[in-house]
Amino acid sequence: MIMSTTITLFSLFAFTTGVHAMLHSTAPKPHILFIAADDLGWNDVGFHGSEIHTPNLDKLANEGVIMNRTYVQPVCSPTRSAFMSGRFPIHTGLQHEVIHPTQPYGLPLNITTIAEHLKSAGYATHMIGKWHLGFCDTKYTPLERGFDSHFGYYVGAEDYFTHRRSDSVPGKTATATTVETHVDGLDFRNNTDLVLTMNGTYSTIAFAMEAERIVSQHNPSVPLYLYLPFQAVHGPLEAPQHYIDMYSDIQNEKRRKFAGMVTAMDEAIGNITEVFRNRGLWNNTLMIFTVLYAMHTYLVRT
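Residues numbered from 1 in each chain as written. Predicted model: local features only at pLDDT ≥ 70, side-chain atom pairs only at ≥ 80, totals over all residues. Heavy atoms only, no water.

**Student:** Explain the packing of aromatic side chains here, please?
**Tutor:** Each pair of aromatic rings is reported with the distance of its centres and the angle of its planes. In this structure the tally under the stated criterion is 15 aromatic pairs. When the ring of F147 is compared with that of Y227, the centres are 6.0 Å apart and the planes differ by 20 degrees; the resulting orientation is stacked. Taken together, the residues span a long stretch of sequence, with F147 in the loop between β2 (124–130) and β3 (149–153) and Y227 in strand β8 (residues 224–229) at a distance of 80 residues. Classification of F147 as buried rests on a relative accessible area of 3%. Here a set of aromatic residues connected by ring pairs shows up, and it is made of F34, F83, W131, F147, Y225 and Y227. (Phe/Tyr/Trp six-rings, centres within 6.5 Å; stacked < 30°, edge-to-face > 60°. Helix = DSSP H or I, 4+ residues; strand = E, 2+ residues; numbered from the N terminus. Buried < 20%, exposed > 50% of the residue type's maximum accessible area, 1.4 Å probe, protein only.)

Following this line, the structure appears as structure tokens:
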């Protein structure tokens, strides 16, 4: 069975439901490329008339299916828990807020993730990018939740170039008193090992390079599940200068940087899909692009 390649902005529950049905089918299994953006808004892609250049996403949208009437959670961890589990966040205990770096919990360990389901069906499962579903114990991290490999980071936000998180984060004492804890450290990992050699490499580029490596080395006879939740375009607003310079006509500095971030991500997506084509995988690949949660307007307003 040849699966048509699609680009969708859609309910994450629809995808998990579809995967469940696919796993119980006797038809040949497609490769799955699931790419997610952080904080991307409706007016931030070319096929919606934006001033931001997204030629690769525009091409995918033109060739695929766009699903516009869909809903996600307003912040990160709740939406990711819904996608990973197929359950509304109220059933995972992650409905309230994001998981901060100092908080000792995550996606409940009694939940079977979509990666575990796919792995049991014979898929090679790889994750690249942002996790944000808990790391207080290794049991909560990607390699223990169904992924064969993980290249990326655990927390919710960090510097795109140094891959460090350095700020004060909220927390609560045993008496429920709100406190702030200063966090400062490197969070960039190849499986469980810290990556010490990529200081200065923009994360969008690093993630695309890793995706290209995985696809290039993959055995085409084995179904592939590649989950790539980009850091982009979440704050902080950072991009290589040549992407920012493409938007010198945008007066608002924040919007100009944001536009550069979007175009860098679009270019990365184009590079990844090109490798799928070159490897002869594309015509049997279900490709999904979605936004995990709503755009935070404070990042780009004047």
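**Student:** Hey, could you run me through the sheet that holds strand β9 (residues 285–291) in this one?
**Tutor:** Either a parallel or an antiparallel arrangement is found when strands of a sheet pair, and the pairing is made through backbone hydrogen bonds. The strand order across the open sheet formed by 7 strands is β7-β6-β3-β2-β8-β1-β9, and the pairing between neighbours is mixed. On the outer flanks of this sheet lie β7 (193–194) and β9, each paired with one strand and no other. Across 5 bridges, strand β1 (residues 31–37) lies against β8 in parallel orientation. Paired with I35 across the bridge in β8 is L228. (Pairing = 2+ DSSP bridges.)

**Student:** Would you explain the pairing of β8 in this entry?
**Tutor:** In the case of a regular strand, side chains alternate between the two sheet surfaces. Counting buried positions along β8 yields 6 of 6 residues, so the element is predominantly enclosed. The side-chain alternation of β8 yields two buried faces, one formed by L224, L226 and L228 and the other by Y225, Y227 and P229.

**Student:** What exactly am I supposed to notice about helix α2 (residues 55–63) here?
**Tutor:** Owing to its 3.6 residues per turn, the α-helix brings residues three or four apart onto one side. Looking only at α2, the buried set comprises L57, L60 and A61. Along the axis of α2, the buried positions cluster into a sector of 100 degrees, meaning they face one direction only. Among the exposed residues of α2, those pointing more than 90 degrees away from its buried face are P55 and N62. On its buried face, α2 sits against α7 (253–278) and β9. (Arc of directions from axis to C-beta. Contact = heavy atoms within 4.5 Å.)

**Student:** Is there a simple way to explain unusual backbone geometry in this structure?
**Tutor:** Apart from glycine, the bulk of residues carry a negative phi angle, and the bulk of peptide bonds sit in the trans form. Cis geometry is adopted by the peptide bond preceding V233, which originates at A232 and carries an omega value of 5 degrees. Among the structural elements, V233 can be located in the loop between β8 and α6 (241–245). Unusually for a residue other than glycine, D39 sits at a positive phi of about 60 degrees. Relative to the helices and strands, D39 resides in the loop between β1 and α2. Positive phi, normally seen in glycine, also occurs at N191, with a value near 60 degrees. Within the element layout of this structure, N191 appears in the loop between β6 (189–190) and β7.

Purely geometric stuff here, so don't read any function into it on its own.
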